[in-house]
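# Coordinate inspection notes
Here's the letter readout for the chains.
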Amino acid sequence: MDLSTYFIDEEYGFLLSNPLTVLPKPYQIWVEFARNIVQQLENHELRRSIRQLPLISEDAGLQSYKQLRLGRMCLIFIVSAYMWQEGDEHAIEVIPMNLAIPLYNISKRLGLKPIISHADCVLANWQKIDPTGPFEFSNLKTILQFPGGRSFDSFVLLTAEIEMGFCPGIKAIVKALENVENENIDELIGNLNIMREVIQVTADCIFRLHDECDPHVFYNEIRPFLGGYGGDNSPFPDGVVFEGVSDEKFKLSGGSAAQSSSMQCFDEALGIHIQPEKKNFLIEMRNYMPPAHKSFIEALARAPSIRQFVERAENERLINAYNGTVAELKQFRDSHIKLVARYIVCMSNKAKRSAGVRYQAIEKTGTGGQSPMQFLKSIRNSTSSSQLSNT
């Protein structure tokens, strides 16, 4: 497999490599407006200002892939701020045409849903402070922000570090599949061990989130802007209207960690058997990924099975290497569950005891529309039960 065919960078993995921060005229107005979102939200001026934005319906001037990604990210941030500025009670179900038309058209060109996703908030929302310096938290900053200050930046950039950290594991998966085809047990053991080490290292970023991102700020100030459109808990259960695009309402899931391609790659490569209902949700979340990333996951699902090869080989060292990788993946998911318990479940329980909660639409479900703890524990248990017998 040629990773570049799937828009996977050899250095940055699923992250967009060196995202742009400037657009050509007349599109630069989107960048300038999006960079000022937080201040306008604080002053409750954003909706009024948005009505004054010109309609730029022609997007042919955005010619490169990176230009399209930046243009979309700016529009996505502006739309999310517009929708949720005043909380659930005053959410607006019609996206004005000066945002709706260009967002819909650019998203269609990119093959993405016209709503905020992991691809926008994390994969394309980073830049180095020192362009010649390393890719590490202290040398990174976000391009666009929602409210939350340092906590927002930490949430985005540490998640980006996780994505970056998974890159050697993605390359090891490709090599492991070649090992299966060539029936090279020794090299397969080596690549499984690389996958295990990568998962272990990236889990450290989850622990760092506890120190860098305040749970109260995340739950009350950041998470609402990642919400979707439609569903039983939504202020507009039938979806929202994209003015000037269609009279039909759009029901769309919001940004979610389930939209990360990295974890789904490990699941497919290792043959983790996930319950059909949960698996269907993960497959649906692939529709919110860049299409090339979705295609890569599907290619892994069609590739020769690492798990079946390990079973057939009946090699103790190979089984131990496979089980060690699966065990590390389970530990990673344990860490993720603890994070969700602290940042969502505990904060939701506190919100229920508080008066005047502004955002209730995602109180009981994740921004992707699932009950987060039930979903994550099911996936964790499926991972744990995927270990092979060594007898």
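Below is a short write-up of the structure.

Attention shifts here to the overall build of the protein chain. Summing up its helical and strand segments, the protein chain has 16 helices and five strands in all. For the protein chain, whose C-alpha radius of gyration is 21 Å, the value lies close to the compact-globule estimate of 21 Å for 391 residues. Taken along its principal axes, the extent of the C-alpha atoms in the protein chain is 70 × 50 × 40 Å. Looking at the protein chain residue by residue over its 391 residues, the buried ones come to 57%. Intrachain contacts of the protein chain at a sequence separation of at least 6 include 80% that bridge at least 24 residues.

Here Lys25 and Pro26 are connected by a cis peptide whose omega angle stands at 5 degrees. In this structure, Pro26 sits in the segment before helix H1 (28–34). Of note, Asn18 is a non-glycine position whose phi angle comes to about 45 degrees, a positive value. Note that Asn18 resides in the segment before H1.

We now examine helix H10 (residues 215–222). Restricting attention to buried positions, one finds in H10 the residues Pro215, Val217, Phe218, Tyr219 and Ile222. For H10, the capping residue at the N-terminal end is Asp214, with a side-chain oxygen 2.9 Å from the backbone nitrogen of His216.

Spatially, three strands are ordered S1-S4-S5 in an open sheet, and the strand pairing comes out mixed. Across the chains shown, the open sheet's two edge strands, defined by having one partner strand only, are strand S1 (94–95) and strand S5 (249–250).

Summed over all chains, the structure comprises zero disulfides. Lacking any disulfide linkage, Cys205 is separated from the closest cysteine sulfur, that of Cys213, by 13 Å. With a relative accessible area of 6%, Cys205 lands in the buried category. Free of any disulfide, Cys346 has its nearest neighbouring cysteine sulfur in Cys213, separated by 14 Å.

Below, the discussion takes up the side chain of Thr159. Tracing the sequence through the fold places Thr159 in helix H7 (residues 150–165). Setting aside residues no more than four positions away along its own chain, Thr159 makes contact with His118, Val122 and Ser154.

Aromatic ring pairs are described here by two measures, namely the spacing of the ring centres and the angle between the planes. The final tally for this structure, using the stated rule, is 19 aromatic pairs. Clustering of aromatic rings is evident, with ring pairs tying together Phe77, Phe146, Phe152 and Phe225. Sitting above the plane of the Tyr82 ring, Arg47 keeps its charged end 5.6 Å from the centroid. Sitting over the ring of Tyr288, Lys113 keeps its end group 5.9 Å from the ring centre.

Let's shift gears to the packing of H7 against H10. The geometry of H7 relative to H10 is characterised by a closest axis approach of 9 Å and an angle of 90 degrees between their N-to-C directions. Here H7 is positioned roughly perpendicular relative to H10, judged by the angle of their axes. Each of Ser151, Phe152 and Phe155 in H7 lies in contact with H10, whose residues at this interface are Val217, Phe218 and Ile222.

With that settled, consider the side chain of Ser154. Mapped onto the elements of the fold, Ser154 is located in helix H7. Among the polar contacts listed, one links the side chain of Ser154 to the backbone oxygen of Glu212, at a separation of 3.3 Å. For Ser154, the contacting residues outside a window of four places in its chain are Phe137, Thr159, Leu209, Glu212 and Cys213.

Mapped onto the elements, Ser262 comes out in helix H11 (residues 261–270). Assessed through its relative accessible area of 0%, Ser262 is described here as buried. Along the primary structure Ser262 and Arg342 are separated by 80 residues, whereas in three dimensions their C-alpha atoms are 23 Å apart. When residues no more than four places from it in sequence are discounted, the contact partners of Ser262 are Phe14, Glu163, Phe166 and Ile170.

A separate point is the pattern of salt bridges. Following the criterion strictly, the structure yields 13 salt bridges and no others. A salt bridge links Asp334 to Lys330, with the shortest nitrogen-to-oxygen separation between them at 2.8 Å. Taken as a pair, Asp334 and Lys330 lie in helix H15 (residues 316–352) at a separation of four residues, close to a single helical turn. What makes Asp334 buried here is its relative accessible area of 13%. Here Lys330 falls in the partly exposed class, since its relative accessible area comes to 24%. Salt bridges linked by common partners bring Glu268, Lys279 and Arg286 together as one network.

This part covers helix H12 (residues 276–285). Along H12, the residues that are buried comprise Lys278, Phe281, Leu282 and Met285. Taken down its axis, H12 places every buried residue within 100 degrees of arc, on the same side. Exposed side of H12, more than 90 degrees from the buried face: Pro276 and Glu277 are the residues found there. Those residues of H12 that are buried are in contact with H11 and helix H16 (372–384).

Moving on, we get to the nonpolar core. Counting residues in each nonpolar core, the largest one holds 134 residues, and the members touching the most others are Tyr229, Phe296 and Ile306. At 14 residues, H15 tops the list of elements feeding residues into this core. Sequence-distant contacts of Tyr229, that is, excluding residues within four places in its chain, are made with Val79, Met83, Trp84, Ile95, Pro114, Ile115, Phe236, Gly239, Val240, Phe250, Lys251 and Leu252.

Here is what the cut-offs are and how they apply
- Residues numbered from 1 in each chain as written.
- Predicted model: local features only at pLDDT ≥ 70, side-chain atom pairs only at ≥ 80, totals over all residues.
- Heavy atoms only, no water.
- Helix = DSSP H or I, 4+ residues; strand = E, 2+ residues; numbered from the N terminus.
- Rg over C-alpha atoms; globule rule 2.2 N^0.38 Å.
- Buried < 20%, exposed > 50% of the residue type's maximum accessible area, 1.4 Å probe, protein only.
- Contact = heavy atoms within 4.5 Å.
- Polar contact = N/O pair within 3.5 Å; in protein donor to acceptor, adjacent residues only side chain to side chain.
- Pairing = 2+ DSSP bridges.
- Disulfide = S-S within 2.5 Å.
- Phe/Tyr/Trp six-rings, centres within 6.5 Å; stacked < 30°, edge-to-face > 60°.
- Lys NZ or Arg CZ within 6 Å of the ring centre and 35° of its normal.
- Axes fitted to C-alpha atoms, helices over the stretch in contact; angles between N-to-C directions.
- Parallel < 35°, antiparallel > 145°, perpendicular 65-115°, else oblique.
- Salt bridge = Lys/Arg side-chain N within 4 Å of Asp/Glu carboxyl O.
- Arc of directions from axis to C-beta.
- Core = buried A, V, L, I, M, F, W, Y, C linked by side-chain atoms within 4.5 Å.

Treat this as a map of the structure, not an account of what it does.
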